[in-house]
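Here is how the chains run, residue by residue.
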2 protein chains.
Amino acid sequence: MIETMQWVRPEEIEARSMAIIESEMPKGNWTPGELAVVKRCIHTAADFDYAENLYFSDGAVELAVNLMKSGNGFTIVTDTNMALAGVNKAALKQLNGTVRCFMADPDVAAEAKERGVTRAIVSMERAAKLDGPVIFAIGNAPTALIRLYEMMQKGEIHPDFIIGTPVGFVNVVESKELICQSDVPCIVARGRKGGSNIAAAVCNALMYQVTRA
Amino acid sequence: MIETMQWVRPEEIEARSMAIIESEMPKGNWTPGELAVVKRCIHTAADFDYAENLYFSDGAVELAVNLMKSGNGFTIVTDTNMALAGVNKAALKQLNGTVRCFMADPDVAAEAKERGVTRAIVSMERAAKLDGPVIFAIGNAPTALIRLYEMMQKGEIHPDFIIGTPVGFVNVVESKELICQSDVPCIVARGRKGGSNIAAAVCNALMYQVTRA
């Protein structure tokens, strides 16, 4: 078995993987920027469903890339420490960006318990108070997207961009459709699939369009 | 849209999700412990392929659970900080376990670059020097599994357990088959699919069999 494997230099593994993905995926009407996002999601999960389920609002990729390359900085807010861990820190640093997650803060947990709501809801309320451009990268909690939507409707929050990729079976599909129907620029994995890894993959695919260009 | 969603108490979301998964998944010959692992992987990715691709060596789940509940402690070694972030820290603490990842250590990166190998290879060599029971949870790098296998063959390492769930397109399938064919107790996601999230999900599914029992 070990003898049948190909020796591939570490720096070539990703390029070779992307070539395999491109050869096996269906053709679509994506812009080059959208295609890069689709391919990186497929790469992250080895799941070609991401060629079917990713929704891009009009001009979303271009808008996010322009925001990221402005040099003025931006904050990515995630709803899990796992997504935070998956965001490429070298790319982030190069772009003067930061990444935050409020989910594990003790006071967030305490407030959520007292109010009988998810920590994700309280985390979004914390994020609403951040200064500067904010990109939400929500890969886990549908309640985070629902709370964002409610606050947007009331004018309490104005996200610059939403990456909506919660995964699961309860209110997940619906929470993502809310974001698709909003007027905030967004990239959403429709349906049940997604995850923290997918949220991070979308962030990285956007950043790499600047840092690897 | 928002009106059509069900209000579900936070603590009920997982139970309801698991019930949906169980109602939609195929029937299999899993032990109760294996079934819990399968369901948690499906839950993590909303992907029913994990009902087909998970390989359990004989008695693997029971062995891991016994190791975890011994109270003597154990170390989970991951190959990404993302998997590390996904391992439930409360369960780990309750079981006197720790989780380590060497991938982001500056000296690991330096040595990998000098030798022209992946950081995952150097990380496995670092992990080989750890004391006490070690559970490898490898969700990303096939080279980590290949290096583990080579060291096992030479008697340089004796893992207590391997969770092998790298995802991808280059040498991934083969690296996981190596572990299936070894004599180390293991849980492996065969085929291309897997990921850091799946590696963490398997760890958590095993720990919960003690902490939530």
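Residues numbered from 1 in each chain as written. Chains lettered and ligands numbered in written order. Predicted model: local features only at pLDDT ≥ 70, side-chain atom pairs only at ≥ 80, totals over all residues. Heavy atoms only, no water.

Novice: Sorry if this is basic, but what is going on with the sheet that holds strand S2 (residues 74-78) of chain A here?
Specialist: The strands making up a sheet are joined through hydrogen bonds of the backbone, oriented either antiparallel or parallel. Residue and element names in this part refer to chain A. With mixed pairing, the six strands of this open sheet are ordered in space as S1-S6-S5-S4-S2-S3. The outermost strands of the open sheet, each flanked by one partner alone, are strand S1 (54-56) and strand S3 (97-101). Sheet twist, expressed as the mean angle between neighbouring strand axes with direction ignored, is 15°. When S2 meets strand S4 (residues 134-138), the two strands line up parallel, connected through four bridges. (Pairing = 2+ DSSP bridges. Helix = DSSP H or I, 4+ residues; strand = E, 2+ residues; numbered from the N terminus. Axes fitted to C-alpha atoms, helices over the stretch in contact; angles between N-to-C directions.)

Novice: Looking at this model, I keep getting lost on the relation of the copies chain A and chain B. Mind explaining?
Specialist: In this structure, two copies of a chain are linked by a rotation about an axis accompanied by a shift along it. The transform that puts chain A on chain B rotates by 180° and translates by 0.0 Å along the axis, for an RMSD of 0.0 Å. Interpreted geometrically, this transformation is the action of a two-fold axis. For chain A, the minimum C-alpha distance to the rotation axis belongs to Met82 of chain A and amounts to 2.5 Å. Here 100% of the interface residues in chain A have copies in chain B that are interface residues too; the copies meet face to matching face. (Least-squares fit on C-alpha atoms with pLDDT ≥ 70 in both. Contact = heavy atoms within 4.5 Å.)

Novice: What should I look at first to understand the sheet that holds strand S2 (residues 74-78) of chain B in this one?
Specialist: All names here are of chain B. With mixed pairing, six strands are arranged side by side in an open sheet as S1-S6-S5-S4-S2-S3. Two strands bound the open sheet, and with one partner strand each, they are strand S1 (54-56) and strand S3 (97-101). Geometrically, the sheet is characterised by an average inter-axis angle of 15° between neighbouring strands, direction not taken into account. Here S2 runs beside S3; their pairing, made up of five bridges, is parallel. Considered in S3, the bridge of Thr75 is made with Thr98. The sheet strands contacting helix H11 (residues 196-211) are S2, strand S4 (134-138), strand S5 (161-164) and strand S6 (186-189), and the helix crosses S5 at an angle near 135°.

Novice: Looking at this model, I keep getting lost on the environment of Leu92 of chain B. Mind explaining?
Specialist: All names here are of chain B. Tracing the backbone shows Leu92 in helix H6 (residues 89-94). Look at Leu92 and you get buried, because its relative accessible area is 4%. For the pair Leu92 and Met68, spaced 24 residues apart in sequence, the C-alpha to C-alpha distance is 9.0 Å. Those residues in contact with Leu92 that lie beyond four places of it in its chain are Phe74, Ile76, Val87, Gly97, Thr98, Val99 and Met207. (Buried < 20%, exposed > 50% of the residue type's maximum accessible area, 1.4 Å probe, protein only.)

Novice: When you look at unusual backbone geometry in this model, what are you seeing that I'm missing?
Specialist: Trans peptide bonds make up the majority, and among non-glycine residues the majority have a negative phi. In this structure, Asn171 of chain A takes a positive phi of about 65° despite not being glycine. Accessibility expressed as a relative area gives 10% for Asn171 of chain A, which makes it buried. Residues other than glycine seldom take positive phi values, yet Asn96 of chain B does so here, at roughly 65°. Relative to the elements of secondary structure, Asn96 of chain B occurs in the loop between H6 and S3. Overall, Asn96 of chain B belongs to the partly exposed group, its relative accessible area being 45%.

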